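# Structural features, examined
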Amino acid sequence: MSTFAKPENALKRAEELINVGQKQDALQALHDLITSKRYRAWQKTLEKIMFKYVELCVDMRRGRFAKDGLIQYRIVCQQVNVNSLEEVIKHFMHLSTEKAEQARSQAQALEEALDVDDLEADKRPEDLMLSYVTGEKGKDRSDRELVTPWFKFLWETYRTVLEILRNNSKLEALYAMTAHRAFQFCKQYKRTTEFRRLCEIIRNHLANLNKYRDQRDRPDLSAPESLQLYLDTRFEQLKVATELELWQEAFRSIEDIHGLMCMVKKTPKPSLMVVYYAKLTEIFWISSSHLYHAYAWFKLFTLQKSFNKNLSQKDLQLIASSVVLAALAVAPYDRAKGASHLELENEKERNLRMANLIGFNLDPKPESREVLSRSFLLSELVSKGVLSCVTQEVKDLYHLLEHEFLPLDLAAKVQPLLSKISKLGGKLASVSSLPEVQVSQYIPALEKLATLRLLQQVSQVYQMMKIESLSQMIPFFDFSVVEKISVDAVKHNFISMKVDHMKNVILFTNAGLESDGLRDHLAIFAESLNKARSMIYPPAEHSSKLGEILPGLAEIVDKEHKRLLARKSIIEKRKEEQERQLLEMEREEESRRLQLQKKREEAEQKRLAAEIEQRKNQRILQEIEQRELEEAQALLEDVDKRSKRKGGKKPILEGEKVTKLTIMERALNEQLRERHEMEKKLQKLAKTMDYLERAKREEAAPLIEAAFQRRLVEEKALHEREQQLETELSRQRHDGDLREKNRLSRMLDNKIIFQERVVSQRQTDFDRQRAEREERINQIILARKQEREAKRKKIFYVRSEEERLRKLHEEEEARKREEAERRRKEEAERKAKLDEIAEKQRQRERELEEKERLRREALLGRTADGPPRPSELSAGSRLEPGAAAPAAAAAPSPGKYVPRFRREGVDQAPDPDRWSGGSSRQAPSDPEQRSSGSTRQPPADVDRWGSGGTRQAPSDTDRWGSGSARQPAADSDRWGSGARPEDRNPPGDRWRSSRSSSRPFGR
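Bear in mind that the values here come from a model prediction, so they are computed numbers and not experimental data.

## A closer look at the overall build of the protein chain
- For the protein chain, the count of helices and strands is 36 helices and three strands.
- Counting only residues that meet the buried cut, the protein chain has 31% of its 1003 residues in that class.
- Carbon together with sulfur atoms contributes 53% to the accessible area of the protein chain, which is approximately 67,400 Å² in total.

Put into structure tokens, the structure is as follows:
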């Protein structure tokens, strides 16, 4: 390794070596300087050295040297002068491109020169063998050796530059420019393999950018400039992929663009989105995904109508027509019917993926799986007014195929419209980013749709039809194509039909009750009946609007209530989901932090292990270098012996490092020199042989011409003799044939008679055998018919018997259930009556016990206290006012002496019942009560005023004075001033009074 005090010295040394023809040594000297750790500070001289370094790398096609040097130079000027690195890289790419163009201009047949599948592949063994065996190389091989290496080097240059500039925020523009130039290289020379690798390289760079977020000088995709550069690169990749017809790579480019948009959560400019959807239409059409193709056209139409102010009416009409035709070209049946669960799940995931690419937000729930469908798309086109922008032919075609019912004339009316539509299309003047619109590509799909509609409508009208009639009704296809279309439709339950080629007819089988056709018939029948009813019984003209609204008002309120409840539940679910997501994010953040800490510890351990391994490798490398030096000395001696050098001294090279690789290179150079000398000798020998051959041919030319003339005269005479002989033989054969004909003509009549006899005999045998065959077939058919009839009768009898037994069993079960229900109800009623009677008995016993207790208390109180107090006399004031007056007059005042007979007169009551408690109440006026002798008050009054005595409450004594027998105001208001005693007693008390009077208690 050479060392220099200044970088300028290294540059001068390199120029001196170049002047003497030692470019390899000059490149090695500059490489040692650039990779040296002494010169890590940027200076202008280093930039000049790098210019010279990349020139040498390009001249010698040393891509690895160039990559190492550029990586070291990036480290030097990354933080100081990035523009210098940019200039060096631009110069490097310019030189590589210029060399490749020079090689291409020197080659006369570029197509043959670039007929290589992979630029990174080495030479094939057979090519190497052919190049060494043959002395003179062909033109194709010379062109290949001239052009292909430079294109390999140019491709390696692009890869090297992209690897150096990746994920660097200061070199984003240069990275994008390099990617664009690499795309143009692949496009210009049709390099499909290299284009796939280039796309994968750029995709990995973006993945690493997201993976290592803490990287230094990492580009910020949220910045508008960076995002625009990345999007431009992806859109250029998409355009080149479609031009090279690499549709799978184009779809992956679409996914890259969508992933980039989702990553930064920003929508690109409308002009870029137009390109996005235009390429999507091409990709989906090539992949036969007609539904997604139609959705992409719909989004393209929406973008153009919303953002393109220069859009002309003609261009808008053409785009709208393309949208409607693309929607109509979708198959009218669902291909997911009859699929397995796994296929349905895959289809659901595919729908979600495609909907995200197209720009439709789908809910991944089972009920929203059918959002991307043909019917939904057509309804969207109608609601968004797309049909109002299309041409009249497209509008008529839409109504014919989707709304009209013309089973016999459908194809005849559709065919002229398709012929007119096929002439539409062309370039759009006001939309530069859109390719040429080709409406004619939808014609085969529309013809297939018309065929399917005709078969569907015919199956609803006819049960049987001849194949010839159906072929005449469908002028688009032969019947074989129609049969294939119908097989696909029957497979997906769109129509139900069979083809009988023996009878040459088509059978339309009956549809089930759940089929779409029968449902449509019933709906149409119901609508017709409704119209007829409205015509026979027209509604009132002056009916109230409120009467029209009110019948459905309850249903509307119910629906609105259900909708609000559903909305509330959805909001609650979303809140729960949001809380769950927050918890998950916190857990993920914690786990991410732990993982990061673990990774750091692992990285530290790896670094220590790597240092140990590095020291070990350095020791091993030193041993290997020493061994290689010894092998190089031995190999150098062998080379000198083979080259027959004179002198027996050891070849020791002073002042330079001798390695095994250096010796091998020198030996290889010597072999190449000897081979070139041998090739020159062979070329000189070939030239000499060419001169000799030319001289021999010049001398032989007159002799060959004379021999040819002699041969020509001899062959002419021979030809004339053979022609005369052939004519004579033909005349003799003709005369013999005429004689044979005259001889055989006598047997012609006999031959005809024999032929007729044989034909008639064979016809008779044929008729007899055919009659026997038909008789056998009829007998077999009759036997099978009888067998089927017996089988049907047996099945009918078995089913009838099973149905009868089932009905008997159900009736028996119903009778048992009714009997059990009746018994349960009777038991419940009996139990309720018994409970009611028991409750009444208990109530009577409680009342009688209460009455006995009150009576005893009254007796005990009167015996202990002597004469009753005037307040007790007022207890009889619950009678009517007319009855209360005598009692009040008879009652003495509290301080006056009352004789015994007066006291007894007051205590005695006219009631004959002496157990009534001494009450001064009037006798009841009701005959029933009079007969029973009951003067009982309601239980509430007894509890309130005492045990039936004439004692008044203390509040009444204070209020009315002593000796008053007036009834309280509450009782007066309660029972009324003129009420009878029987009216004051409740109905229950009236019954209890009669019972108590009829059964007096004993002591």
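## Here we look at the packing of aromatic side chains
- With the rule as written, the count across this model stands at 12 aromatic pairs.
- Relative to F185, the ring of Y158 has its centre 5.9 Å away and its plane inclined at 55 degrees; by these criteria the two rings are tilted. You can see Y158 sitting in helix 8 (residues 139–165) and its partner F185 sitting in helix 9 (residues 172–189), a full 27 residues away along the chain. We note that Y158, like F185, is buried.
- Ring geometry for F183 and F195: centres 5.8 Å apart, planes at 55 degrees, overall tilted. One end of the pair, F183, is in helix 9; the other, F195, is in helix 10 (residues 192–211), with 12 residues separating them in the sequence.
- Look at F183 and you get buried, because its relative accessible area is 0%.
- Ring pairs connect the aromatic residues F151, Y158, F185 and Y189, which therefore count as one cluster.
- Its end group placed over the ring of W150, R61 keeps NZ or CZ at 4.9 Å from the ring centre.

## Some details on the nonpolar core
- Of all hydrophobic cores here, the largest spans 162 residues; its most connected members are I89, F195, Y276, L381, L397, V414 and Y442.
- Among all residues touching V414, those that are not within four sequence positions of it are L397, L400, L401, A450 and F476.

## Side note on a nonpolar patch on the surface
- On the surface, F405, L408, V461 and Y462 cluster together into a nonpolar patch covering about 350 Å² of accessible area.
- Locating Y462 in the fold gives a position in the loop between helix 20 (443–461) and strand 1 (464–466).

## Description of the pattern of salt bridges
- Taken as a whole and judged by the stated rule, the model has 49 salt bridges.
- The salt bridge involving R733 is made with E726; its shortest N-O contact spans 3.7 Å.
- Residues E819 and R823 are paired through a salt bridge, measuring 3.3 Å at the closest nitrogen-oxygen approach. Placement of both E819 and R823 in helix 27 (residues 748–865) is noted, with a separation of four residues, approximately one turn of the helix.
- Under the relative-accessibility criterion, R823 is labelled exposed at 54%.
- In this structure, a network of salt bridges that share partners links the residues E200, R203, E249, R252 and D256.

## Let's talk about the packing of helix 20 against helix 22 (residues 479–491)
- At a closest axis distance of 10 Å, the pairing of helix 20 and helix 22 adopts a crossing angle of 70 degrees. By the angle class used here, helix 20 and helix 22 are roughly perpendicular. Crossing hand, helix 20 versus helix 22: right-handed. Seen from helix 20, the contacting residues are K448, T451, L452 and L455; seen from helix 22, they are V482, I485, S486, D488 and A489.

## Brief notes about the pairing of strand 3 (residues 505–508)
- Both strand 1 and strand 3 contribute to a ladder of three bridges, which runs antiparallel. Across the sheet, residue M464 finds its bridge partner in strand 3, namely L507.
- Alignment of strand 2 (residues 497–500) against strand 3, held across four bridges, turns out to be antiparallel. Following the sheet pairing, D500 is matched in strand 3 by V505.

## Some remarks on the sheet that holds strand 1
- The sheet built from three strands is open, its strands ordered 1-3-2 with antiparallel pairing. Looking at strand neighbours, the two that pair on one side only are strand 1 and strand 2, the edges of this open sheet. Here the average twist between neighbouring strands, direction ignored, is 20 degrees.

## What about helix 14 (residues 290–307)?
- Here helix 14 contains 18 residues, and its C-alpha end-to-end distance of 26 Å stays within 8% of the 26 Å for a straight helix at 1.5 Å per residue.
- All buried positions along helix 14 are accounted for by L291, Y292, H293, A294, Y295, A296, W297, F298, L300, F301, L303 and Q304.

## Thoughts on the state of the cysteines
- Throughout the structure, instances matching the rule amount to zero disulfides.
- Looking at C199, it has no disulfide partner, and the nearest cysteine sulfur is the one in C186, 7.9 Å off.
- Given the relative accessible area of 1%, C199 is considered buried.

## Concerning the confidence of the model for the protein chain
- With 73% of its residues at a pLDDT of 70 or more, the protein chain has an overall mean of 76.
- Here residues 362–370 is modelled with pLDDT under 50, and outside its nearest four sequence neighbours on either side it reaches 14 contacts, counting other chains as well.
- Taken together, the stretch residues 868–894 has pLDDT below 50 and engages in 73 contacts with residues farther than four places along the chain or on a different chain.

## Here we look at the side chain of R855
- Positionally, R855 belongs in helix 27.
- Note on R855: relative accessible area 13%, which makes it buried.

## Here's the deal with the side chain of S96
- Note on placement: S96 falls in helix 5 (residues 82–106).
- At a separation of 3.2 Å, a polar atom in the side chain of S96 contacts the side chain of T157.
- Other than its neighbours up to four places away in sequence, S96 contacts V58, F153, L154 and T157.

## Description of the packing of helix 15 (residues 313–328) against helix 18 (residues 392–402)
- Look at helix 15 against helix 18: their axes get within 10 Å of each other, and the N-to-C directions meet at 20 degrees. As far as their axial angle goes, helix 18 and helix 15 are roughly parallel. Considering only the axes of helix 15 and helix 18, their crossing is left-handed. The segment helix 15 lies against helix 18, with S321, V324, L325 and L328 engaging V394, L397, Y398 and E402.
- Looking at the contact of helix 15 with helix 18 residue by residue, the class counts come to six nonpolar, one polar and one charged.

## Let's talk about unusual backbone geometry
- Phi is positive for E245, which is not a glycine, with a value near 60 degrees.
- The topology assignment puts E245 in the loop between helix 11 (224–243) and helix 12 (247–264).
- For E245, a relative accessible area of 58% translates into the label exposed.
- At N504, a residue that is not glycine, the phi angle is positive and equals roughly 60 degrees.
- Positionally, N504 belongs in the loop between strand 2 and strand 3.
- Given the relative accessible area of 29%, N504 is considered partly exposed.

The rules behind the values
Residues numbered from 1 in each chain as written. Predicted model: local features only at pLDDT ≥ 70, side-chain atom pairs only at ≥ 80, totals over all residues. Heavy atoms only, no water. Helix = DSSP H or I, 4+ residues; strand = E, 2+ residues; numbered from the N terminus. Buried < 20%, exposed > 50% of the residue type's maximum accessible area, 1.4 Å probe, protein only. Areas by Shrake-Rupley, 256 points an atom, 1.4 Å probe, with all protein chains shown as cover. Phe/Tyr/Trp six-rings, centres within 6.5 Å; stacked < 30°, edge-to-face > 60°. Lys NZ or Arg CZ within 6 Å of the ring centre and 35° of its normal. Core = buried A, V, L, I, M, F, W, Y, C linked by side-chain atoms within 4.5 Å. Contact = heavy atoms within 4.5 Å. Patch = residues over 30% accessible without salt bridge, like charges linked within 9 Å, V, L, I, M, F, W, Y side chains within 5 Å. Salt bridge = Lys/Arg side-chain N within 4 Å of Asp/Glu carboxyl O. Axes fitted to C-alpha atoms, helices over the stretch in contact; angles between N-to-C directions. Parallel < 35°, antiparallel > 145°, perpendicular 65-115°, else oblique. Left-handed = near helix turned anticlockwise from the far one by under 90°. Pairing = 2+ DSSP bridges. Expected span 1.5 Å × (residues − 1). Disulfide = S-S within 2.5 Å. pLDDT = per-residue confidence, 0-100. Polar contact = N/O pair within 3.5 Å; in protein donor to acceptor, adjacent residues only side chain to side chain. Nonpolar A, V, L, I, M, F, W, Y, C, P; charged D, E, K, R; others polar.

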